[in-house]
Amino acid sequence: MKAEKIVIGSRGSQLALWQANWVKSELERLHSNADIDIRVISTSGDKIQDVPLSKIGGKGLFVKEIEEALLANEIDLAVHSMKDVPMELPTELGISVITKRENPLDALISNNGEKLADLPQGATIGTSSLRRSSQLLKYRDDFKIHPLRGNVDTRLRKVEEGKYDAILLASAGLNRLGWANLITEEISHDILLPAMGQGALGIETRLDDTMIYDFISTLNHEQTHYAVSAERALVARLDGGCQVPIGAYARIEKGLITLKGLVASLDGEVIYKLENVGPVDDAINIGQELGSKLLKMGANEILEKLI
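Cut-off values and rules
Residues numbered from 1 in each chain as written. Predicted model: local features only at pLDDT ≥ 70, side-chain atom pairs only at ≥ 80, totals over all residues. Heavy atoms only, no water. Helix = DSSP H or I, 4+ residues; strand = E, 2+ residues; numbered from the N terminus. Buried < 20%, exposed > 50% of the residue type's maximum accessible area, 1.4 Å probe, protein only. Pairing = 2+ DSSP bridges. Axes fitted to C-alpha atoms, helices over the stretch in contact; angles between N-to-C directions. Core = buried A, V, L, I, M, F, W, Y, C linked by side-chain atoms within 4.5 Å. Contact = heavy atoms within 4.5 Å. Right-handed = clockwise from strand over helix to strand, strands pointing away. Polar contact = N/O pair within 3.5 Å; in protein donor to acceptor, adjacent residues only side chain to side chain.

Caption draft 1: Just the environment of Glu-289, in detail. Within the secondary structure, Glu-289 sits in helix 10 (residues 283-306). What makes Glu-289 partly exposed here is its relative accessible area of 39%. Between the C-alpha atom of Glu-289 and that of Phe-215, which follows or precedes it by 74 residues, the distance is 34 Å.

Take a look at the structure:
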């Protein structure tokens, strides 16, 4: 490939820029003559920091303006956290590559070093994730859940200042930023089922741009792609987004994919949780089947109230 200018679109947060720069460095390692720039694009999700995502339109707010730049040929590819990518993409765009997954689990950062089980009665926990809060309340209904948004460093500062007894963040982001030492406890997926795509990066491109696809295709991690595809198929079948507490986590071993799915009421009183197992190359069907089973189990009643 000729040394043409390649432009990566990214949000401007510290974590988003780390992710975009990591993709840039990997592409430069693979293509020694590459000329790659990063263009920072401010999204609606970044601008509105004082309202929970569930009340302003969901995680698609973190990709909309970036996708518009991609469609306008202002950038050549976009790097996203897969958990921020909505189910429906513009028809001209697609997630062409999903890179190897980081740790998908949620991380507890507590003010006094206590683990989740040891937090005091009525402990105040910061998170704006309905998925996290509903499962936390199922685990311990004495917890007081308070909204928490902002960049990773902003959230960490709030727990350091004692505004919360603990906060929850994705382990992957803390690991990528070099802050793994701040993690008090990585929460088992048996207690907190992760979000769809958590820990995985996706690279979005124009579907007709075969040159860019060839340029980035080596970064695709097949097992992660299968796992995230299963998780996304599950969430798509449930027709759920930020407004609904949904967990989805797939693991692959010996050619089989094990997908766990969860739908919860906001207060954690009712939780429907199942798993489905099958051949890895049948990932999408496995996700769709699990979604159908959860709906028949009763998850549809929760969804109808919240969507």
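What follows picks up the thread again.
Caption draft 2: Layout of the sheet that holds strand 6 (residues 124-126). Strands sit in the order 7-6-8-5-9 across an open sheet of five strands; the sheet is mixed. Each edge of the open sheet carries a strand with a single partner, namely strand 7 (144-146) and strand 9 (185-187). Recorded for the sheet is a direction-independent mean angle of 30° between the axes of neighbouring strands. Pairing between strand 6 and strand 7: three bridges, direction parallel. Bridging from a neighbouring strand, Ile-125 pairs with Ile-145 of strand 7.

Caption draft 3: The arrangement of the nonpolar core in detail. Leu-234, Leu-238, Leu-259, Val-263 and Leu-294 are the most contacted members of the largest nonpolar core, which has 22 residues in total. Of all the secondary structure elements, the ones that give two or more residues to this core are helix 9 (222-238), strand 11 (246-253), strand 12 (256-264) and helix 10. With eight residues, the single largest contributor to this core is helix 10. Among residues more than four places away in sequence, those in contact with Val-263 are Leu-238, Val-244, Pro-245, Ile-246, Val-270, Ile-271, Tyr-272, Leu-294, Ala-299, Ile-302 and Leu-303.

Caption draft 4: Region of interest: the pairing of strand 2 (residues 35-40). With six bridges connecting them, strand 1 (residues 5-10) and strand 2 associate as parallel partners. Bridge pairing in strand 2 links Ile-6 to Ile-36. As a crossover connection, the stretch from strand 1 through helix 1 (residues 14-30) into strand 2 is right-handed.

Caption draft 5: Region of interest: the side chain of Asp-76. The topology assignment puts Asp-76 in the loop between helix 4 (64-71) and strand 3 (77-81). For Asp-76, the residues in contact, after removing those within four places along its chain, are Lys-5, Ile-6, Val-7, Leu-70, Thr-205, Arg-206 and Ile-212.

Caption draft 6: View of the environment of Arg-155. Of note, Arg-155 is situated in helix 6 (residues 152-160). Along the primary structure Arg-155 and Pro-245 are separated by 90 residues, whereas in three dimensions their C-alpha atoms are 21 Å apart. Here Gly-150 takes part through its backbone oxygen, which lies 2.7 Å from a polar atom of the side chain of Arg-155.

Caption draft 7: The arrangement of the sheet that holds strand 1 in detail. If you trace the five strands from one edge of the open sheet to the other, you get 2-1-3-10-4, paired in mixed fashion. Each end of this open sheet is capped by a strand with a single partner; those strands are strand 2 and strand 4 (93-98). With strand direction ignored, the average angle separating the axes of adjacent strands in the sheet is 30°. The sheet contact formed by strand 3 and strand 10 (residues 201-206) spans four bridges and is antiparallel.

By themselves, these observations are geometric and do not establish any function.
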